[in-house]
Amino acid sequence: MKKKALSLFLAVGLCLGLAACGSSAGTSAGSSSDASKSASAASTSSSAASASKSESEGASSAGSGTASTASGLPSLTKDTIKIGFIYGSSIGTEGYTYSHDLGRLALEAEGIQTMYIENVPETEECEKAAEDLIAQGCNVIYAISFGHGDYIANVADKHPEVYFNHATGYINKANMSTYAGRYYEAQYLAGIAAAMKTESNQIGYVTTFPIPEVVRQVNSFTLGARSVNPDVTVSVKWTSSWYDPATEKAAATELINSGCDIISAYCDTLNPQMTAQENNCFAIGCSSPGYETIPKAYLTAPMVDWAAYYTMDVASILDGTWTGENRWLGMADGIVVLDTLSENCAEGTEEAVDTAKKAIIDGSLDVWAGEIKDNEGNVKVAEGKTLSDEELLAL
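Residues numbered from 1 in each chain as written. Predicted model: local features only at pLDDT ≥ 70, side-chain atom pairs only at ≥ 80, totals over all residues. Heavy atoms only, no water.

Chemist: Help me get a handle on helix H8 (residues 306-318), residues and values and all.
Modeler: Residue pairs three or four apart in sequence face the same way in an α-helix, which turns once every 3.6 residues. With 13 residues, H8 ought to run about 18 Å at 1.5 Å a step, and its terminal C-alpha atoms sit 18 Å apart, in line with that. The positive-phi residue at the C-terminal boundary of H8 is Gly320, with phi of around 85°. (Helix = DSSP H or I, 4+ residues; strand = E, 2+ residues; numbered from the N terminus. Expected span 1.5 Å × (residues − 1).)

Here it is in structure tokens:
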């Protein structure tokens, strides 16, 4: 069941169309205290609260050892577990899919058998991919693209004995979990680095779809930026695709031409950031380190340590404690990180980032504490209030 949306966006509309490059609507962030809380809620072992409504449909599991697991699914061992990964794009050498594949490789290094299928679209093809992996013996499935969710849920109904996991999703069942990192924490820190470097006070942000997962990233980045530079604005362009190098580059070019001297992005590639370097601007990476690719432009990158997550999650399957809940882990759990700050960062950036990082981890800094206004000046989070995980998931 889809959640009721909470309207909270910190960006104001920019009439910057990419008519020749596909749909790419623009928006610009920066009115007084802006925000939008991050996403994905609840962890089995951390203090995060479970935030997607579980459809708990009892999976009548087949196989031995069923009763010994918290989920009621068959118990698995290191010798019997076989994991299939479904990727929405090719692995490549950087970005979102690449970072997840590093997690898969970490499992293989521990002797866990894995398989993967790349370039799986957010259509019925996802169901076919999952069925193919199951036919080849996979008893655990991880799908990493938001749009795979409904299709994975369909396959989960047909295979109640299989462990299903969907990144950044919201559908939970007895045999289907959802998971994500509290990526907004690192985005907030990246916003600080960007705002301390800009000379024009204009930062460009290229991203995909205006869904809660993405809106949280843009808003938390903007909040971090404005925490050290209240005059900064963040202009956003939407590509309407998780992977579209040409549109990503065109969007970045248009933002630079409008006066932005820093480009950040939440896409599956570094194409917007590479465009920044080509135009003598600076850039914030995404999902994986980017210094080697764009050494003259790179400042830092918000990332999720998927190797740490997958190692932990598979361990819970093997010890029988896994359940079909929503897991949402952050910096305090060692899952969300900010890459090393490069020498391109402004003086004082390391101190400012470290101070905010420590405060986020110890709980003294709540990224989403009010007062927070949207891009039209309306108060969305009152002073003394904050956003719950459920509200963050519905942004």
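Anyway, onward from the coordinates.
Chemist: I'd like a description of the packing of aromatic side chains, backed by residues and values.
Modeler: For the coordinates displayed, the defined rule picks out 20 aromatic pairs. Geometrically, the ring pair formed by Tyr87 and Tyr116 is stacked, given 5.8 Å between the ring centres and 25° between the ring planes. Within this pair, whereas Tyr87 is found in the loop between strand S3 (82-86) and helix H1 (95-109), its partner Tyr116 is found in strand S4 (residues 113-117), the two being separated by 29 residues in sequence. Exposure remark for Tyr87: the relative accessible area of 0% places this residue in the buried category. On the basis of relative accessible area, Tyr116 is assigned to the partly exposed category, the value being 36%. Judged by centre distance (5.5 Å) and plane angle (55°), the rings of Tyr183 and Tyr266 are tilted. Of this pair, Tyr183 sits in helix H4 (residues 183-197) while Tyr266 sits in strand S10 (residues 262-266); the two residues are 83 residues apart in sequence, bridging distant segments of the chain. Pair check on accessibility: Tyr183 and Tyr266 agree, each one buried. Taken together, the ring pairs in this structure connect Phe85, Tyr87, Tyr116, Tyr142, Tyr179, Trp306, Tyr309 and Tyr310 into an aromatic cluster. Between Arg182 and the ring centre of Trp328, over which it is positioned, the NZ or CZ distance is 3.8 Å. The aromatic ring of Phe282 is capped on one face by Lys197, whose charged end is 4.5 Å from the ring centroid. (Phe/Tyr/Trp six-rings, centres within 6.5 Å; stacked < 30°, edge-to-face > 60°. Buried < 20%, exposed > 50% of the residue type's maximum accessible area, 1.4 Å probe, protein only. Lys NZ or Arg CZ within 6 Å of the ring centre and 35° of its normal.)

Chemist: Can you break down the sheet that holds strand S6 (residues 163-167) residue by residue, with the values?
Modeler: Read across the sheet, six strands follow the order S4-S3-S5-S6-S7-S14 without closing on themselves; strand pairing throughout is parallel. Edge positions in the open sheet fall to S4 and strand S14 (326-329), since each of these has one partner strand only. On average, adjacent strands in this sheet sit at an angle of 20° to one another, irrespective of strand direction. Inspection of the sheet shows S6 paired to strand S7 (residues 176-181) by four bridges, in the parallel sense. (Pairing = 2+ DSSP bridges. Axes fitted to C-alpha atoms, helices over the stretch in contact; angles between N-to-C directions.)

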